[in-house]
Amino acid sequence: MSHIIAVINQKGGTGKTTTTLNLGAALAYQGYRTLIVDLDPQGHTTIGIGIEPDTIAKSMADILIVPKMPISEVATPSYIMGLDIAPAQISLARAAEQVYTRVFREAILANALKNIDYDFVLIDCPPSLGVLTTNSLYACDFIVIPCQISRYSLDGLADLLTTVETVKNLSIEDLFQEDLFRILLTMYDKRNSVTNEYILEQLKPYRDKTFATAIMKNEALNQAQIAQKVIFDYEPKCSGALDYLQLCLEFLEIWRKRNNLPAKRPNLQSCL
Amino acid sequence: MAKKKQFAGKKTKLAKLPLTQALASRVESGTTSVAPLTPPSYSFGQAPRTWDEVLPGVGEPLLATFLFLIRELADLTSQLQSSPDLAVMTNHRIYLPPRVPGYKPLVQALREARESLKDLRNLLSFPQSDRV
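What counts as what
- Residues numbered from 1 in each chain as written.
- Chains lettered and ligands numbered in written order.
- Predicted model: local features only at pLDDT ≥ 70, side-chain atom pairs only at ≥ 80, totals over all residues.
- Heavy atoms only, no water.
- Helix = DSSP H or I, 4+ residues; strand = E, 2+ residues; numbered from the N terminus.
- Buried < 20%, exposed > 50% of the residue type's maximum accessible area, 1.4 Å probe, protein only.
- Contact = heavy atoms within 4.5 Å.
- Areas by Shrake-Rupley, 256 points an atom, 1.4 Å probe, with all protein chains shown as cover.
- Rg over C-alpha atoms; globule rule 2.2 N^0.38 Å.
- Lys, Arg positive; Asp, Glu negative; His and termini not counted.
- Charge placed at Lys NZ, Arg CZ, Asp CG, Glu CD.
- Phe/Tyr/Trp six-rings, centres within 6.5 Å; stacked < 30°, edge-to-face > 60°.
- Lys NZ or Arg CZ within 6 Å of the ring centre and 35° of its normal.
- Axes fitted to C-alpha atoms, helices over the stretch in contact; angles between N-to-C directions.
- Parallel < 35°, antiparallel > 145°, perpendicular 65-115°, else oblique.
- Left-handed = near helix turned anticlockwise from the far one by under 90°.
- Nonpolar A, V, L, I, M, F, W, Y, C, P; charged D, E, K, R; others polar.
- Expected span 1.5 Å × (residues − 1).
- Pairing = 2+ DSSP bridges.
- 1 Å grid on protein atoms, 1.4 Å probe; cavity = no way out; pocket = protein on both sides within 12 Å on 5 of 7 lines; lining within 4 Å.
- Points joined across faces, edges and corners; volume = space filled by probe spheres on them.

### Quick word on the overall build of chain B
Next, step 1: Along the backbone of chain B there are five helices and zero strands.
Next, step 2: Helices and strands in chain B line up, N terminus first, as α-α-α-α-α.
Next, step 3: Here chain B holds 132 residues, and 27% of them are scored as buried.
Next, step 4: Within chain B, residue pairs in contact and separated by at least 24 positions form 52% of the contacts whose partners lie at least 6 positions apart.
Next, step 5: When the accessible surface of chain B is summed, it comes to about 9300 Å², and 58% of that surface belongs to carbon and sulfur atoms.

Listed below in structure tokens is the structure:
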């Protein structure tokens, strides 16, 4: 059974795409068969893994438009062994508009992901709370919320949690009883002490719902986007690579606890 | 006016959310974790100085990987020992450097180990007839 993880925050620029790509690559390097679903019409995850959007034959737009099309028809291997991608391009924006008249439109992605042969599926969501994000919320069993250290990111987090309650039909009690989401602090800069102190205080009630790993601000993560590589292949010894490897191991630990699986030693053929 | 004083009374959407209030009241009533969120820092910033301080699989992942590698090699050495008495005596600790290495030498050691493993794979890939 595949575990489906949605990477969501409707605020732009919080590190959703960077997190999807590097967490996905880290999982693949740890030996897990992983699929990244690019659900953002900007197609940055697709570009980030080295695929040019204008060379794609079939994409996530087809999944939305063609009824009952399985995701295996659009998934394509990336340059990393064990990591496939269901790519996106700008046509996904038009496709998203077309499905507004469809019944059960929020279940299209969940249906396309049925009977797939992956350990993990990571969905990179667009920076909005429209039909694409609703589809990913409906399909997923875990949510990663990248949150930049800023006031507006907290507002985005609040709106997202309200939407999760609605889409998953959960009460507030269920939302923290079930281990459904984790907040991931991104672009953390130790020098911004006043802002950091304020934001961390605001997030204090969410202590148990926040990854212990934080992604530090790191220029190599930006440069890797230009090189169209994941951080482990661009600069494996930088702090960004270390942070994402640590995030991957923490995520796997949570996943094992949720599924009552035994602890596993780190894989030597990892991202180093 | 001091910067922090200007934050007074400014409530975020998150603070007004019923979930936040429910979680905050749980924290106050002690039914959930009360540990405050602390600014993240690198494990290597407070690197352990002795191996006894390193908990495998719990601490920094590079150190855990390094320890795992050393243990596996020590086990392998034990299995290859000709004398069973010597095999029992082999302990992975004898292969550990006296001090816990810092980030850079650790990464370097693991990289070199990875390269050696690649050589091993190449050696094992040779056709049988090429071997002596």
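### What about the overall build of chain A?
Next, step 1: Of the regular secondary structure elements, chain A holds twelve helices and seven strands.
Next, step 2: In terms of C-alpha radius of gyration, chain A reaches 18 Å, essentially the compact-globule figure of 19 Å for 272 residues.
Next, step 3: Reported as C-alpha extents along the three principal axes, the dimensions of chain A are approximately 50 × 40 × 35 Å.
Next, step 4: A burial count over chain A gives 58% of its 272 residues as buried.
Next, step 5: Here the analysis covers contacts within chain A between residues at least 6 apart in sequence; of these, 79% occur between residues at least 24 apart.
Next, step 6: The positive charge centre, built from 25 side chains, and the negative charge centre, built from 30, are 3 Å apart in chain A.

### Focus: the packing of aromatic side chains
Residues and elements named next belong to chain A.
Next, step 1: Scanning the entire structure with this criterion turns up seven aromatic pairs over all chains.
Next, step 2: When the centroid spacing of 6.3 Å and the interplanar angle of 90 degrees are considered together, the rings of Tyr29 and Phe232 count as edge-to-face. Remark: Phe232 occurs in helix H11 (residues 231–234) and Tyr29 occurs in helix H1 (residues 16–29); sequence separation between them is 203 residues.
Next, step 3: With centroids separated by 5.5 Å and ring planes inclined at 65 degrees, the aromatic side chains of Phe120 and Phe251 adopt a geometry described as edge-to-face. Taken together, the positions of Phe120 in strand E5 (residues 120–124) and Phe251 in helix H12 (residues 239–258) put the pair 131 residues apart, joining distant regions of the chain. Each member of the pair Phe120 and Phe251 is classed as buried.
Next, step 4: Here a set of aromatic residues connected by ring pairs shows up, and it is made of Tyr32, Phe120, Phe142, Phe251 and Trp255.
Next, step 5: Over the ring of Phe181 we find Lys209, and its NZ or CZ is 5.7 Å from the ring centre.

### Some words on the packing of helix H6 (residues 131–139) of chain A against helix H7 (residues 151–167) of chain A
All names here are of chain A.
Next, step 1: Where H6 contacts H7, the two axes come as close as 10 Å, and the packing angle between them is 60 degrees. Here H7 runs oblique to H6, going by the angle between their axes. Relative to H7, the crossing made by H6 is right-handed. In this structure, H6 uses Thr134, Leu137 and Tyr138 to contact H7, whose residues at the interface are Thr163, Val164 and Val167.
Next, step 2: Across the contact of H6 with H7, the residue classes tally to four nonpolar, two polar and no charged.

### A word on helix H5 (residues 103–125) of chain B
Next, step 1: Over its 23 residues, H5 of chain B extends 33 Å from the first C-alpha to the last, a length consistent with the 33 Å expected when each residue adds 1.5 Å.
Next, step 2: Listing the buried residues of H5 of chain B in full gives Leu106, Val107, Leu110 and Ala113 of chain B.

### What to know about helix H9 (residues 193–202) of chain A
Next, step 1: The set of residues buried in H9 of chain A consists of Asn196, Tyr198, Ile199, Leu200 and Gln202 of chain A.
Next, step 2: Those residues of H9 of chain A that are buried are in contact with H7 and strand E7 (181–186) of chain A together with helix H1 (13–16) of chain B.

### Topic: the sheet that holds strand E1 (residues 3–7) of chain A
Residue and element names in this part refer to chain A.
Next, step 1: Taken in spatial order, the seven strands make up an open sheet running E3-E4-E2-E5-E1-E6-E7, and their pairing is mixed. Two strands close off the open sheet at either side, each with one partner strand: strand E3 (76–77) and E7.
Next, step 2: In this structure, E1 lies alongside strand E6 (residues 142–148), joined through three bridges in parallel fashion. Counted as the bridge partner of Val7 is Val144 from E6.

### So, the layout of surface pockets
All names here are of chain A.
Next, step 1: The calculated volume of the second largest pocket comes to roughly 610 Å³.
Next, step 2: In this structure, the second largest pocket is lined by 30 residues; those nearest its centre are Gly15, Thr17, Thr18, Asn222 and Gln225.
Next, step 3: Residue assignment for the lining of the second largest pocket shows that the elements contributing at least two residues are H1, helix H2 (44–48) and helix H10 (219–227).
Next, step 4: For the lining of the second largest pocket, the residue count by class is eleven nonpolar, 14 polar and five charged.

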